[in-house]
Amino acid sequence: MNNNSLFLIGNWKMNLDQPGTETLAEALKEEFSRLTDSLQLILAPSSIYLEAVKKLLEGSPIKIAAQNTFWEDKGTFTGEISPLQIKQLGIDYAICGHSERKIYVRETDEMIGKKLQAILKQNMYPIVCVGESFEERRQGKKNVVLANQLKKYFKNVRLSDKDFIIMAYEPVWAIGSGQACEPAEAEEASYIIKQYLMEMFPTELVNKNFVFIYGGSVNENNVTSFIDKDMIRGVLIGGASINLELFSQIIKLVLKISK
Ligand code: PGA
(Lines give C-alpha, C1' and ligand atoms only; values in the text may rest on other atoms or scores of the structure.)
Protein backbone atom coordinates (compact mmCIF):
# COMPACT_ATOMS: atom_id res chain seq x y z
CA MET A 1 0.00 0.00 0.00
CA ASN A 2 1.35 3.44 -0.74
CA ASN A 3 0.19 6.97 -0.32
CA ASN A 4 0.75 7.91 -3.94
CA SER A 5 -2.52 6.21 -4.79
CA LEU A 6 -5.83 8.02 -4.70
CA PHE A 7 -8.51 6.52 -2.47
CA LEU A 8 -12.18 6.57 -3.37
CA ILE A 9 -14.39 5.01 -0.73
CA GLY A 10 -18.11 4.43 -1.17
CA ASN A 11 -19.82 4.12 2.19
CA TRP A 12 -23.19 2.58 1.47
CA LYS A 13 -24.23 2.83 5.14
CA MET A 14 -27.57 1.01 5.76
CA ASN A 15 -29.02 2.35 2.53
CA LEU A 16 -29.22 -0.73 0.34
CA ASP A 17 -31.03 -4.06 0.60
CA GLN A 18 -29.52 -7.24 -0.78
CA PRO A 19 -30.63 -6.86 -4.42
CA GLY A 20 -29.62 -3.19 -4.35
CA THR A 21 -26.19 -4.02 -2.94
CA GLU A 22 -25.48 -6.83 -5.38
CA THR A 23 -26.76 -4.96 -8.43
CA LEU A 24 -24.61 -1.93 -7.67
CA ALA A 25 -21.50 -4.00 -6.90
CA GLU A 26 -21.97 -6.01 -10.11
CA ALA A 27 -22.42 -2.92 -12.25
CA LEU A 28 -19.30 -1.30 -10.80
CA LYS A 29 -17.33 -4.49 -11.32
CA GLU A 30 -18.32 -4.52 -14.95
CA GLU A 31 -17.64 -0.85 -15.57
CA PHE A 32 -14.35 -0.60 -13.66
CA SER A 33 -12.60 -3.87 -14.42
CA ARG A 34 -9.23 -2.34 -15.23
CA LEU A 35 -8.22 -0.11 -12.34
CA THR A 36 -4.54 0.12 -11.52
CA ASP A 37 -2.95 0.80 -8.13
CA SER A 38 -3.10 4.53 -8.79
CA LEU A 39 -6.78 4.44 -7.79
CA GLN A 40 -7.98 2.34 -4.89
CA LEU A 41 -11.74 2.01 -5.24
CA ILE A 42 -13.18 0.68 -1.99
CA LEU A 43 -16.81 -0.24 -1.31
CA ALA A 44 -18.29 -0.45 2.17
CA PRO A 45 -21.54 -2.43 2.09
CA SER A 46 -23.55 -3.46 5.17
CA SER A 47 -21.80 -6.16 7.21
CA ILE A 48 -24.33 -8.86 6.35
CA TYR A 49 -23.48 -8.45 2.66
CA LEU A 50 -19.70 -8.37 3.01
CA GLU A 51 -19.27 -12.01 2.08
CA ALA A 52 -21.65 -11.83 -0.90
CA VAL A 53 -19.95 -8.69 -2.24
CA LYS A 54 -16.54 -10.26 -1.70
CA LYS A 55 -17.56 -13.28 -3.83
CA LEU A 56 -19.16 -11.07 -6.42
CA LEU A 57 -16.05 -8.92 -6.81
CA GLU A 58 -13.70 -11.86 -7.20
CA GLY A 59 -11.17 -11.06 -9.93
CA SER A 60 -11.98 -7.36 -9.74
CA PRO A 61 -9.53 -4.65 -8.61
CA ILE A 62 -12.29 -3.13 -6.45
CA LYS A 63 -11.64 -3.49 -2.71
CA ILE A 64 -14.04 -3.87 0.21
CA ALA A 65 -14.26 -2.21 3.62
CA ALA A 66 -16.32 -3.07 6.67
CA GLN A 67 -18.32 -0.11 7.98
CA ASN A 68 -17.64 -1.08 11.58
CA THR A 69 -15.94 -3.71 13.75
CA PHE A 70 -15.81 -4.64 17.41
CA TRP A 71 -12.53 -4.39 19.36
CA GLU A 72 -12.12 -8.01 20.49
CA ASP A 73 -11.30 -10.99 18.27
CA LYS A 74 -13.92 -13.23 19.90
CA GLY A 75 -15.98 -13.68 23.01
CA THR A 76 -19.34 -13.03 24.62
CA PHE A 77 -20.27 -9.89 22.71
CA THR A 78 -23.74 -10.47 21.33
CA GLY A 79 -24.35 -8.90 17.97
CA GLU A 80 -20.80 -7.72 17.38
CA ILE A 81 -18.47 -8.65 14.52
CA SER A 82 -14.73 -8.85 15.06
CA PRO A 83 -11.88 -7.68 12.85
CA LEU A 84 -10.68 -11.31 12.85
CA GLN A 85 -13.99 -12.48 11.40
CA ILE A 86 -13.90 -9.74 8.79
CA LYS A 87 -10.29 -10.45 7.89
CA GLN A 88 -11.15 -14.13 7.43
CA LEU A 89 -13.53 -13.11 4.64
CA GLY A 90 -10.51 -11.66 2.84
CA ILE A 91 -11.47 -8.08 3.56
CA ASP A 92 -8.63 -5.63 4.15
CA TYR A 93 -10.23 -2.32 5.11
CA ALA A 94 -12.43 -1.20 7.99
CA ILE A 95 -13.95 2.18 8.78
CA CYS A 96 -13.75 3.31 12.38
CA GLY A 97 -14.83 6.46 14.14
CA HIS A 98 -17.64 7.43 11.78
CA SER A 99 -19.69 10.22 13.39
CA GLU A 100 -22.99 8.44 12.70
CA ARG A 101 -21.89 5.71 15.09
CA LYS A 102 -20.94 8.31 17.67
CA ILE A 103 -24.34 9.96 17.32
CA TYR A 104 -26.65 6.94 17.06
CA VAL A 105 -24.95 4.27 19.18
CA ARG A 106 -22.84 6.50 21.41
CA GLU A 107 -19.50 5.17 20.29
CA THR A 108 -16.79 6.98 22.24
CA ASP A 109 -13.29 8.03 21.21
CA GLU A 110 -11.91 5.42 23.65
CA MET A 111 -13.91 2.66 21.94
CA ILE A 112 -12.64 3.88 18.59
CA GLY A 113 -9.07 3.68 19.90
CA LYS A 114 -9.62 0.04 20.86
CA LYS A 115 -11.19 -0.74 17.49
CA LEU A 116 -8.28 0.88 15.72
CA GLN A 117 -5.82 -1.33 17.58
CA ALA A 118 -7.88 -4.44 16.84
CA ILE A 119 -8.08 -3.61 13.13
CA LEU A 120 -4.31 -3.05 12.92
CA LYS A 121 -3.70 -6.30 14.80
CA GLN A 122 -5.35 -8.15 11.90
CA ASN A 123 -3.06 -6.36 9.44
CA MET A 124 -6.06 -4.55 8.03
CA TYR A 125 -6.08 -0.95 6.86
CA PRO A 126 -8.22 1.31 9.03
CA ILE A 127 -10.15 4.22 7.57
CA VAL A 128 -10.24 6.53 10.56
CA CYS A 129 -12.76 9.40 10.71
CA VAL A 130 -12.23 12.61 12.63
CA GLY A 131 -14.22 15.81 12.55
CA GLU A 132 -15.91 18.55 14.51
CA SER A 133 -19.62 19.31 14.88
CA PHE A 134 -21.27 22.48 13.64
CA GLU A 135 -21.44 23.88 17.17
CA GLU A 136 -17.78 23.08 17.91
CA ARG A 137 -16.78 24.79 14.70
CA ARG A 138 -18.94 27.83 15.43
CA GLN A 139 -17.25 28.17 18.81
CA GLY A 140 -13.81 28.07 17.18
CA LYS A 141 -12.96 24.72 18.80
CA LYS A 142 -12.27 22.76 15.65
CA ASN A 143 -8.55 22.25 16.18
CA VAL A 144 -8.95 21.32 19.85
CA VAL A 145 -11.64 18.80 18.96
CA LEU A 146 -9.48 17.22 16.27
CA ALA A 147 -6.50 17.07 18.64
CA ASN A 148 -8.57 15.43 21.39
CA GLN A 149 -10.05 12.84 19.07
CA LEU A 150 -6.65 11.92 17.69
CA LYS A 151 -5.09 11.74 21.15
CA LYS A 152 -7.76 9.32 22.37
CA TYR A 153 -7.85 7.23 19.20
CA PHE A 154 -4.09 6.76 19.03
CA LYS A 155 -3.23 6.70 22.73
CA ASN A 156 -2.36 3.00 22.86
CA VAL A 157 -1.61 2.45 19.21
CA ARG A 158 1.88 1.19 18.40
CA LEU A 159 2.61 1.56 14.74
CA SER A 160 5.07 -0.37 12.67
CA ASP A 161 6.25 0.12 9.13
CA LYS A 162 3.74 -2.39 7.74
CA ASP A 163 0.74 -0.41 9.00
CA PHE A 164 -1.14 1.91 6.69
CA ILE A 165 -3.85 4.26 7.85
CA ILE A 166 -6.35 6.29 5.86
CA MET A 167 -7.27 9.39 7.86
CA ALA A 168 -10.57 10.90 6.79
CA TYR A 169 -11.39 14.47 7.78
CA GLU A 170 -15.16 14.34 8.07
CA PRO A 171 -16.73 17.47 9.53
CA VAL A 172 -19.96 16.26 11.10
CA TRP A 173 -21.92 19.22 9.75
CA ALA A 174 -20.97 18.36 6.17
CA ILE A 175 -22.07 14.71 6.29
CA GLY A 176 -25.33 14.12 4.44
CA SER A 177 -26.14 17.84 4.61
CA GLY A 178 -25.47 18.74 1.00
CA GLN A 179 -23.12 21.41 2.31
CA ALA A 180 -19.54 20.29 1.73
CA CYS A 181 -16.59 21.87 3.45
CA GLU A 182 -14.56 24.31 1.36
CA PRO A 183 -11.68 22.34 -0.20
CA ALA A 184 -9.14 24.83 1.19
CA GLU A 185 -10.53 24.34 4.70
CA ALA A 186 -10.49 20.56 4.28
CA GLU A 187 -6.86 20.73 3.20
CA GLU A 188 -5.96 22.92 6.16
CA ALA A 189 -7.68 20.46 8.50
CA SER A 190 -5.65 17.65 6.93
CA TYR A 191 -2.44 19.56 7.65
CA ILE A 192 -3.53 20.06 11.24
CA ILE A 193 -4.37 16.37 11.61
CA LYS A 194 -0.98 15.45 10.16
CA GLN A 195 0.77 17.79 12.54
CA TYR A 196 -0.94 16.24 15.57
CA LEU A 197 0.04 12.80 14.32
CA MET A 198 3.63 13.96 14.04
CA GLU A 199 3.54 14.84 17.71
CA MET A 200 2.67 11.22 18.44
CA PHE A 201 4.64 9.31 15.82
CA PRO A 202 7.94 9.70 13.97
CA THR A 203 7.67 12.12 11.05
CA GLU A 204 8.91 9.55 8.58
CA LEU A 205 6.20 7.10 9.60
CA VAL A 206 3.48 9.73 9.29
CA ASN A 207 4.77 10.75 5.87
CA LYS A 208 4.89 7.21 4.57
CA ASN A 209 2.17 5.27 6.33
CA PHE A 210 -0.72 7.72 6.48
CA VAL A 211 -2.86 9.17 3.76
CA PHE A 212 -5.37 12.00 4.17
CA ILE A 213 -8.80 12.09 2.58
CA TYR A 214 -11.99 14.16 2.91
CA GLY A 215 -15.63 13.13 3.44
CA GLY A 216 -18.90 15.06 3.67
CA SER A 217 -21.33 15.84 0.82
CA VAL A 218 -18.84 15.00 -1.90
CA ASN A 219 -20.55 14.78 -5.28
CA GLU A 220 -19.84 14.85 -9.01
CA ASN A 221 -19.61 18.65 -9.00
CA ASN A 222 -17.11 19.12 -6.17
CA VAL A 223 -15.00 15.93 -6.10
CA THR A 224 -12.29 17.32 -8.36
CA SER A 225 -11.80 20.41 -6.23
CA PHE A 226 -10.93 18.21 -3.24
CA ILE A 227 -8.64 15.83 -5.08
CA ASP A 228 -6.88 18.80 -6.69
CA LYS A 229 -5.54 19.76 -3.27
CA ASP A 230 -2.04 18.38 -2.67
CA MET A 231 -2.78 17.07 0.80
CA ILE A 232 -6.09 15.40 -0.07
CA ARG A 233 -5.51 11.98 -1.58
CA GLY A 234 -9.08 10.81 -1.78
CA VAL A 235 -12.68 11.06 -0.69
CA LEU A 236 -15.19 9.13 1.37
CA ILE A 237 -18.60 9.30 -0.24
CA GLY A 238 -21.98 8.40 1.27
CA GLY A 239 -25.10 9.59 -0.56
CA ALA A 240 -23.56 9.91 -4.00
CA SER A 241 -22.07 6.40 -3.84
CA ILE A 242 -25.38 4.52 -3.88
CA ASN A 243 -26.46 5.89 -7.24
CA LEU A 244 -24.69 4.05 -10.06
CA GLU A 245 -24.78 6.94 -12.49
CA LEU A 246 -23.46 9.52 -10.03
CA PHE A 247 -20.87 7.24 -8.50
CA SER A 248 -19.56 6.14 -11.92
CA GLN A 249 -19.27 9.77 -12.93
CA ILE A 250 -17.27 10.51 -9.76
CA ILE A 251 -15.03 7.48 -10.24
CA LYS A 252 -14.27 8.54 -13.82
CA LEU A 253 -13.37 12.06 -12.69
CA VAL A 254 -11.00 10.74 -10.03
CA LEU A 255 -9.56 8.21 -12.48
CA LYS A 256 -8.61 11.02 -14.83
CA ILE A 257 -6.69 12.80 -12.08
CA SER A 258 -5.03 9.61 -10.87
CA LYS A 259 -3.34 9.00 -14.19
P1 PGA B 1 -22.21 11.93 2.51
O2 PGA B 1 -21.59 10.95 3.62
O3 PGA B 1 -21.34 11.82 1.30
O4 PGA B 1 -23.59 11.42 2.28
O5 PGA B 1 -22.18 13.31 3.10
C6 PGA B 1 -20.23 10.98 3.86
C7 PGA B 1 -19.84 10.07 4.98
O8 PGA B 1 -20.69 9.60 5.73
O9 PGA B 1 -18.67 9.81 5.14
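Residues numbered from 1 in each chain as written. Predicted model: local features only at pLDDT ≥ 70, side-chain atom pairs only at ≥ 80, totals over all residues. Heavy atoms only, no water.

Peer 1: What should I look at first to understand helix α1 (residues 18-31) in this one?
Peer 2: Along an α-helix, residues three or four apart share an orientation, since each turn contains 3.6 residues. Under the 1.5 Å per step criterion, the end-to-end length of α1 is 20 Å for 14 residues, consistent within 8% with the ideal 20 Å. Those residues of α1 that sit buried are Thr21, Leu24, Ala25 and Leu28. Down the axis of α1, the buried side of the element spans an arc of 95°, and every buried residue falls inside it. In α1, the exposed residues that point more than 90 degrees away from the buried face are Pro19, Thr23 and Glu30. For α1, the capping residue at the N-terminal end is Asp17, with a side-chain oxygen 2.9 Å from the backbone nitrogen of Gly20. (Helix = DSSP H or I, 4+ residues; strand = E, 2+ residues; numbered from the N terminus. Expected span 1.5 Å × (residues − 1). Buried < 20%, exposed > 50% of the residue type's maximum accessible area, 1.4 Å probe, protein only. Arc of directions from axis to C-beta. Polar contact = N/O pair within 3.5 Å; in protein donor to acceptor, adjacent residues only side chain to side chain.)

Peer 1: How should the pairing of strand β6 (residues 165-169) be read in this particular structure?
Peer 2: Two faces make up the sheet, and in a regular strand the side chains alternate between them. Taking burial as the measure, the five residues of β6 include five buried ones, the bulk of the element. Side-chain alternation along β6 places Ile165, Met167 and Tyr169 on one buried face and Ile166 and Ala168 on a second face that is also buried. Note that strand β5 (residues 125-130) and β6 share four bridges and pair parallel. Its bridge partner lying in β6, Cys129 is registered against Ala168. Inspection of the sheet shows β6 paired to strand β7 (residues 210-215) by five bridges, in the parallel sense. Bridge pairing in β7 links Ala168 to Ile213. (Pairing = 2+ DSSP bridges.)

Peer 1: Help me understand helix α5 (residues 109-121), please; the structure alone is not making it clear to me.
Peer 2: In a regular helix each residue adds 1.5 Å, so 13 residues correspond to 18 Å; α5 covers 18 Å between its end C-alpha atoms and thus fits that length. Among the residues of α5, Asp109, Ile112, Gly113, Lys115, Leu116, Ala118, Ile119 and Leu120 are the ones counted as buried. Looking at the buried residues of α5, the elements they touch are α3 (83-88), β4 (93-96), α4 (99-104), β5, α7 (142-154) and β6. Of the residues flanking the end of α5, it is Asn123, one or two places downstream, whose phi is positive at about 60°. (Contact = heavy atoms within 4.5 Å.)

Peer 1: Sorry, what's going on with the site of the ligand here?
Peer 2: In the region of the ligand, the neighbouring residues are Lys13, His98, Glu170, Ala174, Ile175, Gly176, Gly216, Ser217, Leu236, Ile237, Gly238 and Gly239. Gly176 is positioned with one of its backbone polar atoms (N or O) 2.6 Å from an oxygen atom of the ligand. Here an oxygen atom of the ligand and a backbone polar atom of Gly239 are 2.8 Å apart. A total of 280 Å² of accessible area belongs to the ligand in isolation, and the protein chains cover 95% of it. Each residue belonging to the shell around the ligand can be placed in one class, and the counts come to four nonpolar, six polar and two charged. (Near = heavy atom within 4 Å. Areas by Shrake-Rupley, 256 points an atom, 1.4 Å probe, with all protein chains shown as cover. Nonpolar A, V, L, I, M, F, W, Y, C, P; charged D, E, K, R; others polar.)

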